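Spelled out, the chains give:
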Amino acid sequence: MKLEGKKRIWDDYQKEIADNNYYFQRSCIRQNFFPGSEHAFLKILKNELGKDICDDEHHTTCTGIGYHADVVLFETIMTVVARHFALMTEKGYENMIISCVTSFGIYTEILETWKHFPDVLKKVRQHLKKATGREFEIPKNIAHASDIIFKFREEIAARAKYRLINRNTGEPLKIVEHIGCHYSKMFPVHGVGGAEFPYVLQGMVESWGGQIIDYPERRHCCGFGFRQYLVKANRGYSVANSKKKFESMKPYKPDMIVCNCPGCTMFMDKWQYTISEMEGKTYDENGFGIPVLTYEEMAGLVLGYNPWELGLQMHEVQSEPLLDKMGVAYHPDEKYKDAAGNYLGEPAFPTNLKVCV
Amino acid sequence: MTKKVAIIGGGIAGMEAASVLSRMDIEVLLIEKRQQLGGHVGEWDHLFPNFRPASEITRSLLNALQNNNIKICANTVVTGIARKAGLFEVKTNQNQNFKVDGILLATGFDLFDAHKKEEYGYGIYENVITSADLEKKLKGGNVLTTASGCVPKRIAMIHCVGSRDEKAGYFHCSRVCCITAVKQAIEIRQKLPNVEIFCFYMDLRMYGKGFEEIYREAQEKWGIQFVRGRLSEAGENIDGGLQIKSEDTLSGRPLKMIVDMIVLMVGMVPAESTSQMAKMLGIHLSGDGFIAHDDVHFGSNITNVPGIFTAGTITSPMTISDTIADARSAALKICEYIA
C-alpha cells in the first residue's frame, strides 16, 4: 500500500467547508439510537471551538427513508428540503451542516438537480410558497457534520486529553473507517477525499494518533440499504453485507470501527450482536465484538468527555475494552444512570457477545 | 528549389513519413521533444501478432532515416507556427526558426492515466500495474515478479481501462488493447507456465490479421481464461494479494477472486500536446479529442488548415501496421500539396 498514491487522490478531492455560522440539520436515526453524538457535536462546536451554530427545533425529517423506500415522491422531498432552506434563511444563516449521510446525499442530489434543471427549482419555490408561504435561499455552503469535525481536527487534537493510542503497547489503535455510501459515492466531489479512498474519517484518526486499516471489503456497503431492512424478509441481505465486512476486517484485529453514517453505525453495531446470536461468532479476540463509534463519540473520547454522557452504553457492542486501551477514565457504576443520576436498569445481556459487568 | 516539410513528432508515424518524403527529394525536419526517436514503440518489448521484438521496428525505421534530406531535431519542442508568404515559419524552444512548405503533425497519443480509475488502485496497491509497465518488466527477458519479489500464481488482466468508458471521459475503442492483452498473457505463460491468467473483457475485438488466431491459441494452447465482465473494484489483502470483484456476465454470476497481480490494459487517448497544437493552428478536433478529418472516407491525413497534414495516432488509435500505412499515405498527400 502506497500512502503517496492515496495522497494524490486526496489532493483531487478537497472541498470548501465554511468556517463558522452554521444552521444544523439533525438526523432521525442518530437522535434515536446515538443521542449522545449530536449532543457531543454541538458541545464541541460551541464550547470547544466557540462556533455559532443554530440548533432549530422547527426542522423535520428530510423524509429520506421514505424517499429511498419509494413512499415519498421526489417532488415532496424537494419541497421538504426547500422548507429547511427557508428555516435557515429566516434564521439568517447561509451555511448548513447536515448530520445524516442519507440526508447529505439527498441535499446534494437535490441541489445538483436544481443546477441542471432550473425549472424544477422554480416549481419547488412555487410549491413551498403555496404550502407554507415561505421563501428560501440556497445555502452558500453545505457540509456534512463529519466535514466540520475534519476541518477542526487539529484544534481538537490540541485539546486532546486522550489519544487513539493503546496505552499498554504505545502503538496506534487500529481503526476501521466506514464513510457510508451516500456521503460521496453519489457525488465524489462533495466528499473529503472522494469516494474510493475517502479521507474525512482517516484525517481525524491520523490527527488523533490512530492508524487506519485498509481491508479488502472497505468500500462494501454495510447492508443498511433501506429496502433490505425495511422489508423484514430482506434483512438477511443486510446481515450478509455486514458479515462480509467483519470477516474481511477480522485478520487486521481492529480496535474500533468509526462510522460516518447513522445507518452504518447502527447496523455495523447491531448486526454484530445478531451474528453472535445466530452463529455464536464474534469478531474480536476476546468475544466482546468490535466497538462501533460515531466520529463525534470518537472526538468526545479524545477530548475526555464522559463515555456515558456520550452514550456509549447505548451501543450493542460495549466499549469498555476500547476505553481501557485508550486509558479513558470511567465509572462502571454510572453506566446505567441518566443525567440526573437515576438508575435506569440494566438491559438484557446477549447470549454470546461478552459485556463488561 | 527543394521543398521542405516539418514533421512534428518522432514516433513511428513521423519516422516512416520522413523516410518516404526524403526519398521523394523533399527536405525533412523531424522534430522530436524527447532525446530518442521511436515514441511508444520504443518502450515496448514484443509486438502482436507475431511476437516480433519492438526494437526491430524502431531499428528499421531509424536505418531508413540515414538520408541527407533529413534533419533530426531531438529534445525540441515547437513553440510557434505562423504562416508567412505561403510558407510556414516554425519556432522551437531551441531558438530555431525554420521556413517550410508544409507541416505534418505526428504527435501520436498518450496512454490513459490509470490513476483516474481510482477503484482499481493503480499507484496505491503495489501489485496493480499497467500494460505499459508490464512491457518494461518483460523487457530484456526479465522474470515477472510481484512487488515483494515472488513469482505470481494468478494474474488478472483488465481490458478497456480508459477506453469505452463514459466515467473516464473516453467513449472510443483503443483498438489495440484486446490483442495486446492476448499477446502479453501468452508471453507470461511462456515464461511462467504455472501461472493462471484471467482476462476480464467487455467484447474481444480481434479484427486484425492474425488476431483471432492468437486469441484461439491463447485459450487452446496456453489455457488463458477469458471472463466477460468488467472489474468493479480491487482491494488489497493483509498479505498484499488483491481481491477483485466482477461479474461473469455469461454465467450471470457475481465473481470474487484473489489474484497476485492486476494488469490494466490502458487505452490510447489524445496526446496533451494535440489539443495545444490544434488550438495554436486552428485545427478542428473531433468529439473524442483526436484531430478531425472533414471527410471520414476520403479525408484521411488532411486537416481543415491547408498545408497541415496528419499521420498516425494523432487522429485515432491505430496498430503499428495501420500507423505505417497512414504515414505513407500522409507523405503522398503532403507531396501532392507542395508539388
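This structure is a prediction, so every number in the text was calculated from the model and none was measured.

Peer 1: Before we move on, could you go through the overall build of chain B and cite the residues and values that matter?
Peer 2: Regarding its fold elements, chain B presents 7 helices and 20 strands. Relative to its length of 339 residues, chain B is compact, with a C-alpha radius of gyration of 22 Å against a globular reference of 20 Å. Dimensions along the principal axes, computed over C-alpha positions, put chain B at roughly 65 × 35 × 35 Å. The proportion of buried residues among the 339 residues of chain B is 44%. Nonlocal contacts in chain B, meaning residues at least 24 apart in sequence, comprise 65% of its contacts between residues at least 6 apart.

Peer 1: So what's going on with the interface of chain A and chain B? Residues and values would help.
Peer 2: At the junction of the two partners, chain A supplies 16 residues and chain B supplies 13 residues. Partitioning the side of chain A that touches chain B into residue classes produces 6 nonpolar, 2 polar and 8 charged.

Peer 1: Would you mind going over the domain arrangement of chain B in detail, with residue names and values included?
Peer 2: If you check the domain split of chain B, you get domain 1 (4-108 + 271-338) and domain 2 (114-268). When grouped by side-chain class, the residues that make up the side of domain 1 of chain B that touches domain 2 of chain B number 6 nonpolar, 4 polar and 3 charged.

Peer 1: If you had to explain the domain arrangement of chain A to someone new, which residues and values would you point to?
Peer 2: Residues and elements named next belong to chain A. Partitioning chain A into domains gives domain 1 (14-145) and domain 2 (147-334). Here domain 1 and domain 2 have C-alpha centroids that lie 25 Å from each other. If you look at the interface, domain 1 gives 30 residues, while domain 2 gives 35 residues.

Peer 1: Please give an account of helix α14 (residues 262-279) of chain A that cites residues and values.
Peer 2: Residues and elements named next belong to chain A. With 18 residues, α14 should reach 26 Å at 1.5 Å per residue; the first-to-last C-alpha distance of 25 Å fits that figure. For α14, the complete set of buried residues consists of P262, G263, C264, T265, M266, F267, M268, D269, W271, Q272, I275 and S276. Buried residues along α14 sit in contact with α2 (28-33), α6 (101-116), β5 (174-178), α13 (235-249), β7 (256-259) and β8 (292-294). Looking one or two residues beyond α14, the residue adopting positive phi is G280, at roughly 70 degrees.

Peer 1: Tell me about the sheet that holds strand β6 (residues 211-212) of chain A, and name the residues and values.
Peer 2: All names here are of chain A. A sheet is described by the order of its strands in space; here 4 strands give the open sequence β6-β5-β7-β8, paired in parallel fashion. Looking at which strands have only one partner, the edges of the open sheet turn out to be β6 and β8. Across the sheet, helix α11 (residues 200-207) lies against β5, β6 and β7, angled at about 160 degrees from β5, the strand it touches most.

Peer 1: An account of the confidence of the model for chain B is needed here, citing residue identities and associated values.
Peer 2: When pLDDT is averaged along chain B, the result is 95, and 100% of the positions lie at 70 or above. Two numbers describe this predicted complex: its pTM, 0.92, and its ipTM, 0.87.

Peer 1: I'd like a rundown of unusual backbone geometry, residues and numbers included.
Peer 2: With an omega of -5 degrees, the peptide bond running from F48 of chain B to P49 of chain B counts as cis. Following the sequence through the fold, P49 of chain B ends up in the loop between β3 (46-47) and β4 (52-53). A positive phi angle, near 60 degrees, is found at N21 of chain A, a position not held by glycine. Tracing the backbone through its elements, the reader meets N21 of chain A in the loop between α1 (3-12) and β1 (22-25).

Thresholds, definitions, all that
- Residues numbered from 1 in each chain as written.
- Chains lettered and ligands numbered in written order.
- Predicted model: local features only at pLDDT ≥ 70, side-chain atom pairs only at ≥ 80, totals over all residues.
- Helix = DSSP H or I, 4+ residues; strand = E, 2+ residues; numbered from the N terminus.
- Rg over C-alpha atoms; globule rule 2.2 N^0.38 Å.
- Buried ≥ 20, exposed ≤ 12 C-beta atoms within 10 Å, placed from the backbone.
- Contact = placed C-beta atoms within 7 Å.
- Nonpolar A, V, L, I, M, F, W, Y, C, P; charged D, E, K, R; others polar.
- Domains from an automatic or database assignment.
- Expected span 1.5 Å × (residues − 1).
- Pairing = 2+ DSSP bridges.
- Axes fitted to C-alpha atoms, helices over the stretch in contact; angles between N-to-C directions.
- pLDDT = per-residue confidence, 0-100.

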